[in-house]
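Chain by chain, the residues:
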Amino acid sequence: EVCFVLAGEGIITTGGDLVGVHPRKLSSRAVRLLNGFGARADMIRDNATHQMSPGSVLVIPAGVGHVWSSVTSEVACLLLRIDPAAVVPLLSANDSQLYLHAHGGTGYATVSPPLATASATTAGLQKVDWGKQSTWAASLQRYPHMRHASFADARSWAQPMGWDEWTVRLKDAAHSVPMADFNLTAPCTSTDDLCKATWFDMQRYKHWAVLGNQQPWNTSRERTVALMRRHEHAIEKGLQNTSPHKWFGRASGRLAQLQQELESAVRIGLGKHPAVCSVGAAMEQYRALHLSRGWTVPREVTRIMQLVPQYEAREGGVMLVDRQDVLRSSTAIDLEPFFTSRHSVRQFSSEPVDQKLLRKAAALAMESTPSSGNKQGARLYLLTTEDAKRVALTIHSGQRNIQFREAAAIFIVTYSLEAQSGVRERYSVWVNGGLFAQSLLLALHAVGLAACPLNWSTEPKKDLQLRAHFRIPESERVILFVATGHYPPQFKATISARSRLREVL
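**Student:** Honestly, the overall build of the protein chain in this entry has me stumped. Any pointers?
**Tutor:** Looking only at helices and strands, the protein chain has 16 helices and 13 strands in total. The 505 residues of the protein chain split such that 44% are buried. Within the protein chain, contacts between residues separated by at least 24 positions form 80% of all contacts whose residues are at least 6 apart in sequence. As displayed, the protein chain offers around 27200 Å² of accessible surface, 55% of which is attributable to carbon and sulfur atoms.

Structure, rendered in structure tokens:
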């Protein structure tokens, strides 16, 4: 954020540590439309002061706490909010003017000290007359358009282009038409539509998996539990090592990060969550290993043990498994008929399905599916009423899949974006979500239910419709549907000839 004082005098205090941090709610107007992720604080420790007067310019980096600690005379300042990551929505000049008038009374937002703030793109309050320069000022509300390319000539896209040019065109395509005006109910037929849909997906991932995980004050339940499991799982892999080294996990910062996430969990009321108990069990094994070898126990482990007073020994850490026990269980029955007898069934009997069977299948999928970092971000929405199934299938494909309305239930499989860790895991949601979906299909087969996956490769408009109707959070990616029910006495199954093994292996 760049603060340029137009009139008045005062002192801005910046820097240091924020004391008494109060994160803004993600649903708040400031987060959604003005500043992005941020927090308020009671005070700033170890700070610096800056005397501000007409003509003064102060550049405040993202995440740095700042406050008008003293105002000698009424201040009017222009705030330039730099937002290259597109955290907040772009406003036109007209929308910006209407917004300021609606929330500031006369188009003004007034300085109101003292209030310490910090945010991803900006923090602070301003008093600016936007009337004379609304067009110019509105362009500074967010990252300005790089250029407005025309996509009438699709042949230009066939030419080789560098990453920078592709990025420019992708952004231009996304900004050229407001998202609300997208006509993406039909299959994507142009590069322009492809760019818009890609940008739509990228914005959601960036908001929840990249920017959200970069903020130390973002203490959502999903994020806290996922990161705690991830750091604990790294320690578990160290415990699994036949030759562990002293204080493993400390140099990499895993122990400190685990302590930080555990403290966050306790602070937001998750002290008895199974993931917290699992951490306690793993740390007890870590502590016992070090003591058995005459090593001192890291202070982080001692602090973690203090935070987790109750846990069961088998809830986390590692266990000794006998090879013969595994082979005895895995070869007790011939599993080849089990796999080859599973079909994608599109006809179901009218017999109602006991909810216990559906829950048992979901539990089997949960227990048997691996996930990167053991973050377990899979989520299920179970639809059993006729109205809910009809709405979901209509949004999915209109009348094309009308036969699935005979299904006793429909699962909507989603995966939490908050369980992902930044840019490098941008594809993990599909990998982990796909693994869980396949486990669910096999689990339904194991409890004697027919099932069929329904692909959810769809357009942004349908995605928004589904979320609005079934209250699926923006922080979750929809993976696919699974229709399930009892088998009819006889049914037709597609043969779907498979590729030869030599084509795959």
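There's plenty left to go through after this.
**Student:** Even after reading the chapter, I still don't get unusual backbone geometry, so can you show me in this structure?
**Tutor:** In terms of backbone geometry, most residues other than glycine have negative phi values and most peptide bonds are trans. Positive phi, normally seen in glycine, also occurs at arginine 471, with a value near 55 degrees. As for its placement among the helices and strands, arginine 471 is situated in the loop between helix 15 (460–470) and strand 13 (476–485). Taking the relative accessible area as the measure of exposure, arginine 471 reaches 75% and is therefore exposed. For serine 496, which is not glycine, the phi torsion reads 45 degrees and is therefore positive. What makes serine 496 partly exposed here is its relative accessible area of 39%.

**Student:** What is the right way to read the environment of glutamine 51 from this model?
**Tutor:** The topology assignment puts glutamine 51 in strand 6 (residues 48–52). The spacing of glutamine 51 and glycine 10 is 41 residues in sequence and 6.1 Å in space, taken between C-alpha atoms. Ignoring anything within four residues of it in the chain, the contact list for glutamine 51 reads Glu9, Gly10, Ile11 and Ser56. A polar contact of 3.3 Å, which involves the side chain of glutamine 51, links it to the backbone oxygen of glycine 10.

**Student:** Where do I start with a nonpolar patch on the surface in this structure?
**Tutor:** Together, Phe4, Leu6, Val57 and Val59 make up a nonpolar patch on the protein surface, roughly 360 Å² of accessible area in all. Listing elements by their share of the nonpolar patch, those giving two or more residues are strand 1 (2–14) and strand 7 (57–59). Tracing the backbone through its elements, the reader meets valine 57 in strand 7.

**Student:** Whenever I open this one, the pattern of salt bridges confuses me. Can you help?
**Tutor:** Any two side chains of opposite charge can pair, on the condition that their charged atoms come close. Applying the stated rule across the entire model yields 13 salt bridges. Put simply, arginine 250 and glutamate 300 hold a salt bridge, and the shortest N to O gap is 3.2 Å. Within this pair, whereas arginine 250 is found in the loop between helix 6 (221–240) and helix 7 (254–267), its partner glutamate 300 is found in helix 9 (residues 299–307), the two being separated by 50 residues in sequence. For arginine 250, a relative accessible area of 22% translates into the label partly exposed. Between glutamate 284 and arginine 287 there is a salt bridge; the shortest N-O distance is 3.8 Å. Here the residue glutamate 284 and the residue arginine 287 both occupy positions in helix 8 (residues 274–292), the gap between them amounting to three residues, near one helical turn. For glutamate 284, a relative accessible area of 27% puts it in the partly exposed group. Arginine 287 sits in the partly exposed class, given a relative accessible area of 35%. Here the salt bridges share partners, and the residues they tie into one network are Arg204, Asp463, Arg467 and Glu474.

**Student:** Help me understand the packing of aromatic side chains, please; the structure alone is not making it clear to me.
**Tutor:** For any pair of aromatic rings, the description consists of the separation of the ring centres together with the inter-plane angle of the planes. Under the definition given, this model contains four aromatic pairs. Ring geometry for phenylalanine 248 versus tyrosine 286: centroids 4.6 Å apart, planes at 55 degrees, classification tilted. One end of the pair, phenylalanine 248, is in the loop between helix 6 and helix 7; the other, tyrosine 286, is in helix 8, and 38 residues separate them in sequence. Accessibility expressed as a relative area gives 6% for phenylalanine 248, which makes it buried. Both rings, one in tryptophan 456 and one in phenylalanine 481, keep their centres 5.3 Å apart while their planes meet at 10 degrees; by these two values the pair is stacked. Here tryptophan 456 is found in the loop between strand 12 (450–455) and helix 15, whereas its partner phenylalanine 481 is found in strand 13, with 25 residues between them in sequence. Owing to a relative accessible area of 7%, tryptophan 456 belongs among the buried residues under this scheme.

**Student:** I would appreciate a short explanation of the sheet that holds strand 12 in the present structure.
**Tutor:** Backbone-to-backbone hydrogen bonds pair the strands of a sheet. The strands run either parallel or antiparallel. Read across the open sheet, the four strands follow the order 10-11-13-12; overall the sheet is antiparallel. Strands at the two margins of the open sheet, each flanked by one partner only, are strand 10 (378–383) and strand 12. Within the sheet, the average angular offset between the axes of one strand and its neighbour, ignoring direction, is 25 degrees. Pairing analysis gives six bridges linking strand 10 to strand 11 (residues 409–416), with the strands arranged antiparallel.

**Student:** Whenever I open this one, the environment of threonine 331 confuses me. Can you help?
**Tutor:** Along the chain, the position of threonine 331 falls in the loop between helix 10 (323–330) and helix 11 (336–340). For threonine 331, the side chain forms a polar contact with the main-chain oxygen of leucine 327, separated by 2.4 Å.

**Student:** Please explain the pairing of strand 11 as it appears in this structure.
**Tutor:** If a strand is regular, its side chains alternate between the two faces of the sheet. Burial analysis of strand 11 places eight of its eight residues in the buried class, the great majority of the element. Of the two faces of strand 11, both are covered, the one formed by Ala409, Phe411, Val413 and Tyr415 as well as the one formed by Ile410, Ile412, Thr414 and Ser416. The sheet contact formed by strand 11 and strand 13 spans eight bridges and is antiparallel. Paired with isoleucine 410 across the strands is alanine 483, a residue of strand 13.

**Student:** Please explain the pairing of strand 13 as it appears in this structure.
**Tutor:** With respect to burial, strand 13 is a largely interior element, 10 of its 10 residues being buried. Where strand 12 lies against strand 13, six bridges are found, and the strand directions are antiparallel. For asparagine 455, the partnering residue across the bridge sits in strand 13 and is leucine 480.

**Student:** Help me out: how do you make sense of the nonpolar core in this one?
**Tutor:** Note that soluble globular proteins tend to have their nonpolar side chains buried in a common cluster. In this structure, Leu358, Val413, Leu440, Leu444 and Val482 are the most contacted members of the largest nonpolar core, which totals 30 residues. Elements represented by at least two residues in this core include exactly helix 5 (191–214), helix 12 (355–368), strand 11, helix 14 (428–446) and strand 13. Ranked by residue count, the leading element in this core is helix 14, at seven residues. When near neighbours in sequence (up to four residues on either side) are disregarded, leucine 358 contacts Val353, Leu382, Ala409, Phe411, Leu444, Leu449 and Thr484. If you look at the next biggest cluster of nonpolar residues, it comprises 23 residues, including Ile410, Leu466, Val478 and Phe481.

**Student:** Please clarify how the confidence of the model for the protein chain should be interpreted in this entry.
**Tutor:** Close inspection of predicted coordinates is inappropriate for parts of the model with low pLDDT. On average, the protein chain scores 77 in pLDDT, and the residues at 70 or more come to 74%. Confidence drops under a pLDDT of 50 for residues 104–163, and excluding neighbours within four residues, the segment shows 147 contacts in the predicted structure. Within the model, the stretch residues 173–187 combines pLDDT values under 50 with 25 contacts to residues more than four positions away or in other chains.

Basis of the calculations
Every chain is numbered on its own, with residues counted from 1 as its sequence reads. pLDDT decides what is reported in this predicted model: residues at 70 or higher carry local features, side-chain atom pairs at 80 or more are listed and counted, and totals for whole chains, interfaces and linings draw on all residues regardless. Note that the side-chain values use all heavy atoms of the structure and ignore hydrogens as well as water. What counts as a helix is a DSSP run of H or I of at least four residues, what counts as a strand is a run of E of at least two, and both are numbered from the N terminus. Only protein chains enter the calculation, and the probe is 1.4 Å; a residue is then buried if its accessible area is under 20% of its type maximum, exposed if over 50%, and partly exposed in between. Two residues form a contact once any of their heavy atoms are found within 4.5 Å. For every accessible area listed, the method is Shrake-Rupley and the probe measures 1.4 Å; residues are considered covered only by the protein chains on display. Polar contacts here mean pairs of N or O atoms no more than 3.5 Å apart (in protein, one a potential hydrogen donor and the other a potential acceptor; neighbouring residues in sequence count only if both atoms are side-chain atoms). Exposure above 30% relative accessible area and the absence of a salt bridge qualify a residue for a patch, where like charges join within 9 Å and nonpolar side chains (Val, Leu, Ile, Met, Phe, Trp, Tyr) within 5 Å. A side-chain nitrogen of Lys or Arg and a carboxyl oxygen of Asp or Glu constitute a salt bridge if their distance falls within 4 Å. Ring pairs shown here join Phe, Tyr and Trp side chains whose ring centres sit within 6.5 Å, with only the six-membered ring taken for Trp; geometry is labelled stacked below 30 degrees between planes, edge-to-face above 60, and tilted in between. Between any two strands, pairing holds if DSSP finds at least two bridges. The axes used here are C-alpha line fits, helices contributing only the stretch in contact, and every angle between their N-to-C directions lies in the interval 0 to 180 degrees. Only buried residues count toward a nonpolar core. Its members are Ala, Val, Leu, Ile, Met, Phe, Trp, Tyr and Cys residues joined through side-chain atoms within 4.5 Å. Per-residue confidence from the predictor is given as pLDDT, running between 0 and 100.

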